[in-house]
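# Residue-level structure breakdown
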Amino acid sequence: LKMSWFWFYLPLHLLMASCLCHSVKASTTSSQQSFKTDLFNFYHSLILADGKETTVHLLKDIPKRYYFVLEEGRALAPFTITVTPCDVPIEWSILMHKASASFLGKATRGDHDTQEVSKSQKAPSMVSTIFNYKGNSVETYMGMSSHSALYMLEFLSTERDTHITVYLTTDTTSGNLYPELPMDPRIDVTGIGHTTVTLTWKHSPSVLQHRENIQYCLLLNEKHNYKSLCAAETAIRSTGMKLPPTLALSLSPYLLEPQQVMILSNSELSIINKASSGEVRQICMGTKNTYTVPNLSPNTQYYFDVFVVNLFTNASAAYTGTFARTLEEPKPKVMELKDGKVIHVVLDGKKQKFYNLRYLARHKKLQFTFQLCHGQVQVHITKNGKTVALENISDLRYFTLKGKPLDTYLVQLRSTEEFNSSVKVQVSPHFHKPLFPLLPESLKIKSFSKLRTCNSVTIAWLGTQEESKYCVYKKRIEEDQVWMELQSADRCSGPESRHKSEKVLCKYFYDINLQRAVTTETIKRLDAGTLYLFDVYLFGPSGIPVRYHSKVVKTRKKC
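Residues numbered from 1 in each chain as written. Predicted model: local features only at pLDDT ≥ 70, side-chain atom pairs only at ≥ 80, totals over all residues. Heavy atoms only, no water.

Put simply, the rule reads: UniProt positions are given in the numbering used here, feature names are shortened, and annotations may be inferred rather than shown by experiment.
Labelled according to an unreviewed UniProt entry, the chain appears under the name Protein NDNF, originating from Aegotheles bennettii. Regarding the chain, the relevant UniProt record gives this comment under Subcellular location (unreviewed entry): "Secreted".

See the structure below:
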């Protein structure tokens, strides 16, 4: 069936008065009377298009009306109207006006003769409300239309300004705009982990018939379920974030906002929005009807909605949403620290998990010592639940803390690198028995370019006011080994890990004046044009060494 639309004349002040005074809550009699007034006194009709989804913007407490009428043809014809609220609940109704065929014939042809309208007003007619709904669910009305009837749709939002979509069609033979839902549209939760939830749902008949044009999109958030894709997009935009045109996501590249992250892997497109209200994640996975959602937070309730989306029309239908709470993460294992005992901890950089150490104080004052062996580590110390130290360490670091006996200290360690890091930890109340030697201001080794020859290199390093032992080691390396040697160097390992042939010398020195606490050494019997890795080890009273930062120097090729 084809639709025929017509326009009526209505003075502007009458139209405004009609809009302000009418609402869906009014009695049937008043609504019918206003329908008759609007019917014969149009100035600017809102005609509902057939076969097209229309977006309708509603102002709070101001009703909006749309009309449609059928051409003369068959006595009865089926039609459907689908209304999708995109935010708050709305009220909407369908009113039908039956009038004489002679009037409708004139109206559809656009004949607006005043005498004809006057006669038609006197002709017998009947207005009835055939459908009424209030809520925020997607609702569809299916009816049979008569060529001698005019229909009015009236919409009202009583909470706030909002928008809805309306779809009218009289073509029920060529399929619906919206994808079909299965007889059981529920989403089943089949598995719950600490950071994952597995979902499954029954296939949409549309997927089985038009696989190339249909796909499933999953939306998850931490607030509540959404009854339509339109409502979900509105809610996300209200947080200040911009979305792609729809969740249908035709897999074309999008310009994302700074708070959005797009991930494309294994033919799945995920868009993650970060907001103060929590994370909103959208995942389109083609026609798979089982999906395991990864990277969730432990002990957190999530709401899951699945939409079957027509990629050709961007129309969608929503499954019945569900929710699930991820499992609580098991309490981390805590190792007890003992006075003076050194613990060597290796931290997994990929998993980014915390390593926990606990210490029960027996004295008022104590000292935590951390010697970084490899990578970089974040140290977080709390006393009775309150943070007393938080720092990223890259060398030897001391924390001197004051409290009282029986205070409980918790040390949390985490690698800040993507690869593994390692650190040695010690706590002790005995400051007069330091585990590590007194350190200079810098642990860097300096080389003198002008003093390089074809077979010798001169290096220098800082000392302290305390007489200590320093041992120098050298290692011949290739150009492609430099980065790996520097990255993999274990600063906690001592000379015992080195080959005897790599040892150059050991010496003692100190100076009361720190400005003069510098020593140099010229290493001879080297090969021309060759790269060497130099290391200096500092030994304190306890015999535990501290390794300076390695230095790579190349001898001159020609002299």
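### Digging into the overall build of the chain
Quick reminder of the rule: Numbering of helices and strands starts at the N terminus; helices are DSSP runs of H or I of at least 4 residues and strands are runs of E of at least 2. Exposure is judged per residue with a 1.4 Å probe applied to protein chains only, and the accessible area is read against the type maximum: over 50% gives exposed, under 20% gives buried, and values in between give partly exposed. Contact definition: two residues touch when any of their heavy atoms are within 4.5 Å. Note on areas: Shrake-Rupley with a 1.4 Å probe; residue coverage comes only from the protein chains shown.
Tallying secondary structure elements over the chain gives 7 helices and 35 strands in all. Counting the 559 residues in the chain, one finds 45% classified as buried. At a minimum sequence separation of 6, the contacts of the chain that also span at least 24 residues come to 77%. Of the roughly 29300 Å² of accessible surface on the chain, 52% is carried by carbon and sulfur atoms.

### A closer look at the nonpolar core
For clarity, the cut-off: We define a nonpolar core as any set of buried Ala, Val, Leu, Ile, Met, Phe, Trp, Tyr and Cys residues linked to one another through side-chain atoms lying within 4.5 Å.
Of all hydrophobic cores here, the largest spans 24 residues; its most connected members are L337, F368, F370, I381, L413 and V423. Every element with two or more residues in this core is listed here: strand 20 (343-347), strand 21 (355-360), strand 22 (365-374), strand 23 (377-383), strand 24 (386-393), strand 25 (396-402), strand 26 (408-415) and strand 27 (421-428). When residues in this core are grouped by element, the largest group, 4 residues, is from strand 22. Formed by 22 residues, the second largest nonpolar core is a distinct cluster that contains L48, L58, I90 and A149.

### Observations regarding the side chain of E521
Selection rule: Polar contacts, as counted here, are pairs of nitrogen or oxygen atoms within 3.5 Å of one another; within protein the pair requires one atom able to donate a hydrogen and one able to accept it, and residues that are adjacent in sequence qualify only if both atoms are side-chain atoms.
With respect to the secondary-structure elements, E521 resides in strand 32 (residues 518-523). Of the polar contacts made by the side chain of E521, one reaches the side chain of K507; its length is 3.2 Å. When neighbours within four sequence positions are excluded, E521 is seen to be in contact with V457, T458, I459, W461, L505 and K507.

### Some remarks on the state of the cysteines
Under the convention used in this document: For this text, the term disulfide refers to a pair of cysteine sulfurs within 2.5 Å.
Enumeration over the complete set of coordinates arrives at 5 disulfides. For C471, the disulfide goes to C506, at an S-S distance of 1.9 Å. Given an S-S torsion of about 110 degrees, the disulfide between C471 and C506 has right-handed geometry. Pair noted here: C471 is in strand 30 (residues 468-477) and C506 is in strand 31 (residues 503-509), with a separation of 35 residues, a long-range link. A relative accessible area of 2% means that C471 is categorised as buried.

### Here's the deal with the sheet that holds strand 28 (residues 446-447)
Our working rule: Strands qualify as paired when DSSP identifies two bridges or more between them.
Across the sheet, which stays open at both edges, the 3 strands sit in the order 28-29-32 with antiparallel pairing between neighbours. A single partner strand is all that each edge strand has here, and the edge strands are strand 28 and strand 32. Pairing of strand 28 with strand 29 (residues 457-462) involves 2 bridges; the strand directions are antiparallel. Bridge assignment links S447 to a residue of strand 29, and that residue is I459.

### A short note on the pairing of strand 32
Here strand 32 shows a buried face lined by T519, E521 and I523 and an unburied face lined by V518, T520 and T522. As judged from the 6 bridges shared by strand 29 and strand 32, these two strands associate in the antiparallel manner. Of the residues in strand 32, the one forming a bridge with W461 is T519.

### Focus: the environment of I62
Within the secondary structure, I62 sits in the loop between strand 1 (52-58) and strand 2 (64-69). Along the chain, I62 and D161 lie 99 residues apart, while their C-alpha atoms are 9.4 Å from each other.

### Observations concerning the pattern of salt bridges
The criterion, for reference: By salt bridge we mean one thing: a side-chain nitrogen of Lys or Arg within 4 Å of a carboxyl oxygen of Asp or Glu.
Enumeration over the complete set of coordinates arrives at 16 salt bridges. Among the salt bridges present, the one from R186 reaches D184, with a minimum N-O distance of 2.9 Å. For D535, the salt bridge goes to R547, with nearest N and O atoms at 3.0 Å. Here R547 lies in strand 34 (residues 545-547) and D535 lies in strand 33 (residues 531-539), a separation of 12 residues in the sequence. A residue is classified by how much of its surface remains accessible, and D535, at 0% relative accessible area, is buried. Using a relative accessible area of 10% as the deciding quantity, one classes R547 as buried. One salt-bridge network, in which partners are shared between bridges, spans R498, E502, D535 and R547.

### What about the packing of aromatic side chains?
Heads up, the condition is: Whether two aromatic rings pair depends on their centres lying within 6.5 Å, for rings of Phe, Tyr and Trp, where Trp uses its six-membered ring; planes under 30 degrees apart make the pair stacked, over 60 edge-to-face, and the rest tilted. Charge over a ring is defined by NZ of Lys or CZ of Arg lying within 6 Å of the ring centre and within 35 degrees of the ring normal.
For the structure shown, the criterion picks out 21 aromatic pairs. When the centroid spacing of 6.4 Å and the interplanar angle of 40 degrees are considered together, the rings of Y302 and F304 count as tilted. The burial state of Y302 is the same as that of F304; both residues are buried. Through a chain of ring-to-ring contacts, the aromatic side chains of Y66, F68, F79, W92, F131, Y141, Y151 and F155 assemble into a single cluster. The ring of F399 has R397 sitting right over it, with the charged end atom 4.4 Å from the ring centre. Over the ring of F539 we find K469; its NZ or CZ atom is 5.5 Å from the centre of that ring.

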